[in-house]
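# Architecture and fold: a report
For reference, the chains in residue letters:
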Amino acid sequence: MGHRIKARKARAVSAPHIDTDEAILASFLSDAAHVPGGFAAGVAFPQSEAEVTALVARAERVLPIGAQSSLTGGATPRGEVVLSTRALSSVSSPAGDSVRAGAGVPLKELQRTLVSVGLYYPPVPTFDGAFVGGTIATNAAGAATFKHGSTRRWVNAITLVLANGDVLDVARGEIRASGDGWFEIESTTGELLRVPVPTYVMPDVPKLSAGYYASPGMDLIDLFIGAEGTLGVVVEATLKVVARPRRVAALIRCADDRQAIALTGALRQEAQLAWVGRGPLDVAAIEYMDTRALRAVPDDAFSRARVVRPAGQSVMLLVQIEVGNDEDSALDRLQAVLMAVGVADDPHLALANDERGAERLFNLREAVPSSVNAIVAATKQAHPDVEKTAGDMVVPFDRLADSIALYRSTLERSGLDYAIWGHVSDGNLHPNVVPRSFDDVRRGREAILEIARDVVAMGGAPLAEHGVGRSALKQQLLRELYGAEGIEQMRAVKRALDPGWKLAPGVLFAQ
Ligand SMILES: Cc1cc2nc3c(=O)[nH]c(=O)nc-3n(C[C@H](O)[C@H](O)[C@H](O)COP(=O)(O)OP(=O)(O)OC[C@H]3O[C@@H](n4cnc5c(N)ncnc54)[C@H](O)[C@@H]3O)c2cc1C
């Protein structure tokens, strides 16, 4: 295995039409971060690798986009030609444990194709309308990262178009960084691109979407996964898939944070036993909703889920358990763990074949971010500068209790209303400010920054899964994580592959 790879040319075709019609452009000017002021030189919908190449070669600045579900402004154009990947929508028939999919395939479509042959793609973010290319570009994670890891682990190969218009086929296990920390790419013009591997040390956490992956002797494919569109346009990918698991969902009311943390710890231990064949309770994911998050959810969301709104300081956990054929043993063990931790109520269960019941419980979980986002949107009506202000923190699991205490004390000391929820089995939570004015947003940003510094000191990271994008706050968090020297090393990678700063300029860091 070497450190040098040869690029190839795409078939020569004419560039796809670039649409500049205001009415069409209007629907591409914002992503899920809802940062105002997006503008674009046009939008194009290439249908093939060759058309992507022709477009990249012709345009001065290009922003590749997927479903624009970015929460960081990374998919909000700032004057580029928007390269919508939605027409790159082919999916091959799954072969063995892998499937080849176009960048523009929404994950829910991919799952639909896979389910018909009993297969499943595990690293799904909470929003399953995200595209294959977007999730690779952000190394998306989600609830079941605890068992299955983030997107990175599931990408076997990618085809991408570089800023110079060359095409690169990168398969895992084929190209590794040289001993002295370089990759070399032979371009089709004969030029040799030397790409330095950054030397910063990534935090040891289960999920990370914080700029370029870097480690000694790393695989080239890992440089492009999580690069947020700045190093190349992902056109297609070969993804690993598994047999579709049978899943039970259990919504559990805990008396308070302390009980929820104890239960999460106990369930993680059960899962780790199950994974080595020493127990029946194969937990794939645990989601947490704190008292304040539950308070933000309207009554009708509880009614639809057929769940009574919990009282007092209660918090809720939504647990996903993979059950194989022995559902009863898993449920018996779950009951024993709940009793041992002192949980008073029976859980709300959706058994393995009860897809509707599971959906009701997942919808309640989803009502948390959508309710908080609705409050932000309503506040924005009166205070137009208000925007979503939230953390995406991950800590080593043994610091979970400390981290929750940290989020609460920092936000309360700042006089802010807030809500916390997220993927607690990974130690990955989202403290969200519930703003009443722009002043809350301003103080919220300061609080998130303060929290981030302490999270980094705990061995965690303030950029777990949503990426960095064009958010000034998140770019500052990236600097907190790796320092100015780390950012300079990322810039050196970018300069080597995209000296003209053509692709996703301003994403991750300024030029
Ligand atoms: C309700 C909600 C819940 C969410 N939950 C989660 C969660 O649980 N976990 C999680 O990780 N994220 C989550 N997200 C964030 C978001 O869904 C992910 O970041 C997702 O991976 C973005 O995919 P996308 O297709 O929408 O990409 P976009 O938002 O369109 O783009 C994101 C970035 O990737 C780049 N990009 C897109 N496509 C390509 C491509 N083909 N080649 C190169 N670069 C590309 C863009 O330039 C941009 O920088 C959530 C978002 C919402 C709205």
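Everything discussed here concerns the structure shown above.
For every chain, the first residue of the written sequence is number 1, and numbering continues from 1 onward in sequence order. Reporting in this predicted model follows two pLDDT cut-offs: at least 70 for local features of residues, and 80 or more for side-chain atom pairs to be given and counted; totals over whole chains, interfaces and linings ignore these cut-offs and use all residues. The side-chain numbers reported here are obtained from all heavy atoms of the structure, hydrogens and water having been left aside.

## Topic: the sheet that holds strand 18 (residues 418-423)
Read from one edge of the open sheet, seven strands run 16-13-15-14-18-19-17, paired in antiparallel fashion. Two strands in the sheet have a free side with no partner beyond their single neighbour: strand 16 (348-350) and strand 17 (393-394). Pairing of strand 13 (residues 247-254) with strand 16 involves three bridges; the strand directions are antiparallel. Bridge assignment links Ala250 to a residue of strand 16, and that residue is Leu349. Contacts: residue pairs with any heavy atoms within 4.5 Å of one another. Interaxial angles span 0 to 180 degrees and are taken between N-to-C directions of axes, which are lines fitted to C-alpha atoms, for helices over the stretch in contact. Under the scheme used here, helices are H or I runs from DSSP no shorter than 4 residues and strands are E runs no shorter than 2 residues, and both carry numbers assigned from the N terminus. Together, strand 13, strand 14 (282-289), strand 15 (315-322), strand 16, strand 18 and strand 19 (428-433) form the strand contacts of helix 11 (residues 355-382), whose direction differs from that of strand 18 by roughly 140°. Paired strands are those between which DSSP finds at least two bridges.

## Overview of unusual backbone geometry
Its identity is not glycine, yet Gln68 carries a phi of approximately 55°, on the positive side. In this structure, Gln68 sits in the loop between strand 3 (62-65) and strand 4 (81-84). Residue burial is assigned from relative accessible area. The probe radius is 1.4 Å, only protein chains are included, and a residue is buried under 20% of its type maximum, exposed over 50%, and partly exposed in between. Residue classification places Gln68 among the buried positions, given a relative accessible area of 11%. Phi is positive for Trp501, which is not a glycine, with a value near 55°.

## What to know about the site of the ligand
Among the 35 residues in the neighbourhood of the ligand, the closest are listed as Pro64, Gly66, Ser69, Thr126 and Thr138. Definition of a polar contact: a pair of N or O atoms within 3.5 Å, with one able to donate and the other able to accept a hydrogen when the atoms are protein atoms, and with sequence-neighbouring residues admitted only if both atoms are side-chain atoms. Between the ligand and the protein, one listed contact pairs an oxygen atom with a backbone N or O atom of Ala67 at 2.9 Å. Coverage of the ligand by the protein amounts to 94% of the 970 Å² it exposes when considered alone. Put simply, the parts of the chain that give the shell around the ligand at least two residues each are strand 3, helix 4 (132-137) and strand 11 (233-240). Tallying contributions element by element places helix 4 first for the shell around the ligand, with four residues. Of the residues belonging to the shell around the ligand, the class tally is 17 nonpolar, 16 polar and two charged. Nearness is judged by heavy atoms alone; a residue qualifies as near a molecule or strand once a single heavy atom is within 4 Å of it. Using the Shrake-Rupley algorithm and a 1.4 Å probe, accessible areas are obtained, with residue cover drawn only from the displayed protein chains. In this classification, Asp, Glu, Lys and Arg are treated as charged, Ala, Val, Leu, Ile, Met, Phe, Trp, Tyr, Cys and Pro as nonpolar, and every other residue, Gly included, as polar.

## Brief notes about the sheet that holds strand 10 (residues 192-196)
Spatial ordering of the open sheet is given by 1-9-10, a layout of three strands whose pairing is mixed. Taken across any chain shown, the strands that pair with only one partner, and hence form the sheet edges, are strand 1 (4-6) and strand 10. Direction aside, the axes of adjacent strands within the sheet are offset by 20° on average. In this sheet, strand 10 lies alongside strand 9 (residues 182-186) in antiparallel orientation, the contact comprising five bridges.

## Details of the pairing of strand 18
When you tally the buried positions in strand 18, you get six out of six residues, the bulk of the element. As paired elements, strand 14 and strand 18 share three bridges and run antiparallel to each other. Following the sheet pairing, Met289 is matched in strand 18 by Trp421. Pairing of strand 18 with strand 19 involves six bridges; the strand directions are antiparallel. Counted as the bridge partner of Trp421 is His430 from strand 19.

## Considerations on the packing of aromatic side chains
Here a pair means two rings of Phe, Tyr or Trp (six-membered ring of Trp) with centres within 6.5 Å. Their orientation is stacked below 30 degrees between planes, edge-to-face above 60, and tilted elsewhere. Under the criterion given, the structure shown has five aromatic pairs. With 6.1 Å between their ring centres and 90° between their planes, Tyr212 and Phe509 make a pair best called edge-to-face. Here the residue Tyr212 occupies a position in the loop between strand 10 and helix 6 (220-224), and Phe509 occupies one in the segment after helix 14 (472-497), the gap between them amounting to 297 residues. The burial state of Tyr212 is the same as that of Phe509; both residues are buried. Ring plane angle 65° and centroid distance 6.3 Å describe the contact between Trp501 and Phe509, whose orientation is recorded as edge-to-face. In this structure an aromatic cluster arises from ring pairing among Tyr212, Trp501 and Phe509. Charge-over-ring contacts are defined here by two conditions on Lys NZ or Arg CZ: a distance within 6 Å of the ring centre and an angle within 35 degrees of the ring normal. When the ring centre of Phe397 is taken as origin, the NZ or CZ atom of Arg268, which lies over that ring, is 3.9 Å away. Above the plane of the ring of Trp501 lies Lys494, whose end atom (NZ or CZ) is 5.6 Å from the centre.

So, to be careful, I would describe these as geometric facts and stop short of saying anything about function.
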